[in-house]
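Spelled out, the chains give:
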Amino acid sequence: MSKKKDIDSFTGIETTGHEWDGIKELNNPSPRWWLIVFFLCCVWSVGYWVVYPAWPTFSGDGERGGTAGSMGWTQYDQLKEQQAEIRARKSAYLASFEAASFEEVQADEALYAFAVAGGAAAFKDNCATCHGTGGAGSAGYPNLNDDDWLWGGDIDAIHETIRAGVRAGHEETRFSEMPAFGDMLSDTEIADVAQHVMSLTQDVPGSADGAQVFADNCAACHADDGTGDHGLGSPNLADAIWFYGDTKADIMSQVRKPKHGVMPSWEARLDATTIRQLAIYVHSLGGGD
């Protein structure tokens, strides 16, 4: 005996017989467009299984991990092709880059973009730990975005600093050392010279005694006006950019017992091309001379 169909009185559509709180579930058929898409996907999936690696097998090789597919395609082969294409493009630029001077690279838009891209990648891998991802540095680590350079900010000077390092083990390393004036000057003299140095950039009164101490002990390296000397690697004290702090206590501490940072020489770690790219990238950050 067949069960009588339950027809919804409002829509006239057969229900499934399920009802919740007076709400009946209508037995509507699936939309035609949905069924068409569903069956097309089924057909497409069968084709995919045939053409591409799909079914896992115990005998599948390490690259495919399953059935080979009629095309024999793998993502590993695709990666190898893409890498080969990248190497081919890179080698074309490398030959031109290695034969060009810094001035020629800067004048060639394509070569310059190539150098900056390579330098940016090398910077993130090797330099960002100390100088920050954007080159802004921090206390004790130089900001490469400003225009304050101990050893000069043109590309050649930057290249030499990267190549040989600062106070590193390289025979041509950059080297400067400020003496510990705590062994030579009294606390009063150190306080006076710190006051004088502060007055070069800050709105504070100077010190005549400090100016004399500066002239007798500091001007030989930092110049009479405190602007420093790239040849000696001595900081510019008149530009309001401070490496170890700008308070009187910070300056007195540096005069009394100076800190001396070390930058490694990258010549033994990176190839010559990468070092040249790094020099161009650092110069491009906006603080190059």
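For the structure, see preceding data.
Residues numbered from 1 in each chain as written. Predicted model: local features only at pLDDT ≥ 70, side-chain atom pairs only at ≥ 80, totals over all residues. Heavy atoms only, no water.

> Explanation requested: the packing of aromatic side chains in the structure shown.
In this description, an aromatic ring pair is defined by two values, namely the gap between the centres and the angle between the planes. Following the criterion strictly, the structure yields nine aromatic pairs and no others. Here Tyr93 and Phe114 contribute two aromatic rings whose centre-to-centre distance is 5.3 Å and whose plane-to-plane angle is 15°, an arrangement assigned as stacked. With Tyr93 in helix α2 (residues 75-99) and Phe114 in helix α4 (residues 109-126), this pair connects stretches of sequence that are 21 residues apart. One aromatic cluster is present, built from ring pairs that chain together Trp44, Tyr48, Tyr52 and Trp73. It is Arg269 that lies over the ring of Trp266; its NZ or CZ is 5.1 Å from the centre. Against the face of Phe102 rests Arg276, its NZ or CZ located 4.8 Å from the ring centre. (Phe/Tyr/Trp six-rings, centres within 6.5 Å; stacked < 30°, edge-to-face > 60°. Helix = DSSP H or I, 4+ residues; strand = E, 2+ residues; numbered from the N terminus. Lys NZ or Arg CZ within 6 Å of the ring centre and 35° of its normal.)

> Explain unusual backbone geometry to me, please; I cannot follow it from the model alone.
Excluding glycine, a negative phi dihedral is what most residues carry, and trans is how most peptide bonds are arranged. Although it is not a glycine, Arg167 sits at a positive phi angle of roughly 55°. Along the polypeptide, Arg167 turns up in the loop between α6 (155-164) and α7 (187-199). For Ala240, which is not glycine, the phi dihedral falls at a positive 65°. Among the secondary structure elements, Ala240 is positioned in the loop between α9 (219-222) and α10 (248-256). Note on Ala240: relative accessible area 47%, which makes it partly exposed. (Buried < 20%, exposed > 50% of the residue type's maximum accessible area, 1.4 Å probe, protein only.)

> Looking at this structure, I do not really get the side chain of Asp146. What am I missing?
Tracing the sequence through the fold places Asp146 in the loop between α5 (128-131) and α6. Nearest to the buried, unbridged Asp146 among oppositely charged side chains is Arg174, at 15 Å. Polar side-chain contacts of Asp146 include one of 3.1 Å to the backbone nitrogen of Asp148. Not counting chain neighbours up to four residues away, the residues in contact with Asp146 comprise Ile241 and Gly287. (Lys, Arg positive; Asp, Glu negative; His and termini not counted. Salt bridge = Lys/Arg side-chain N within 4 Å of Asp/Glu carboxyl O. Polar contact = N/O pair within 3.5 Å; in protein donor to acceptor, adjacent residues only side chain to side chain. Contact = heavy atoms within 4.5 Å.)

> Would you mind showing me how to read helix α8 (residues 208-217) here?
Residues lying three or four places apart along an α-helix face the same way, a consequence of the helix completing one turn every 3.6 residues. Among the residues of α8, those classed as buried are Gly210, Val213 and Phe214. Considered in projection along α8, the buried side chains sweep an arc of 100° and stay on one side of the axis. Opposite the buried face of α8, at more than 90 degrees from it, the exposed residues are Ala208, Asp209 and Asp216. Tucked into the core, α8 has its buried residues touching α7 and α9. (Arc of directions from axis to C-beta.)

> Which parts of the structure should I look at to understand the packing of α4 against helix α11 (residues 272-284)?
Relative orientation and spacing of two packed helices are given, respectively, by the angle between their axes and the distance between those axes. Packing of α4 against α11 brings their axes to within 7 Å, and their N-to-C directions diverge by 95°. In terms of orientation, α4 lies roughly perpendicular with respect to α11. Across from Tyr112, Phe114, Ala115, Val116, Gly118, Gly119, Ala120, Ala122 and Phe123 in α4, the residues of α11 making contact are Thr274, Gln277, Leu278, Ile280, Tyr281, Val282 and Ser284. Residues of the contact of α4 with α11, tallied by class, amount to 11 nonpolar, five polar and no charged. (Axes fitted to C-alpha atoms, helices over the stretch in contact; angles between N-to-C directions. Parallel < 35°, antiparallel > 145°, perpendicular 65-115°, else oblique. Nonpolar A, V, L, I, M, F, W, Y, C, P; charged D, E, K, R; others polar.)

> It is not clear to me how a nonpolar patch on the surface should be interpreted in this structure. Could you clarify?
Residues Trp33, Trp34, Leu35, Val37, Phe38 and Phe39 make up a contiguous nonpolar surface patch of roughly 630 Å² in combined accessible area. Summarising the element assignment, Phe38 is placed in helix α1 (residues 32-51). (Patch = residues over 30% accessible without salt bridge, like charges linked within 9 Å, V, L, I, M, F, W, Y side chains within 5 Å. Areas by Shrake-Rupley, 256 points an atom, 1.4 Å probe, with all protein chains shown as cover.)

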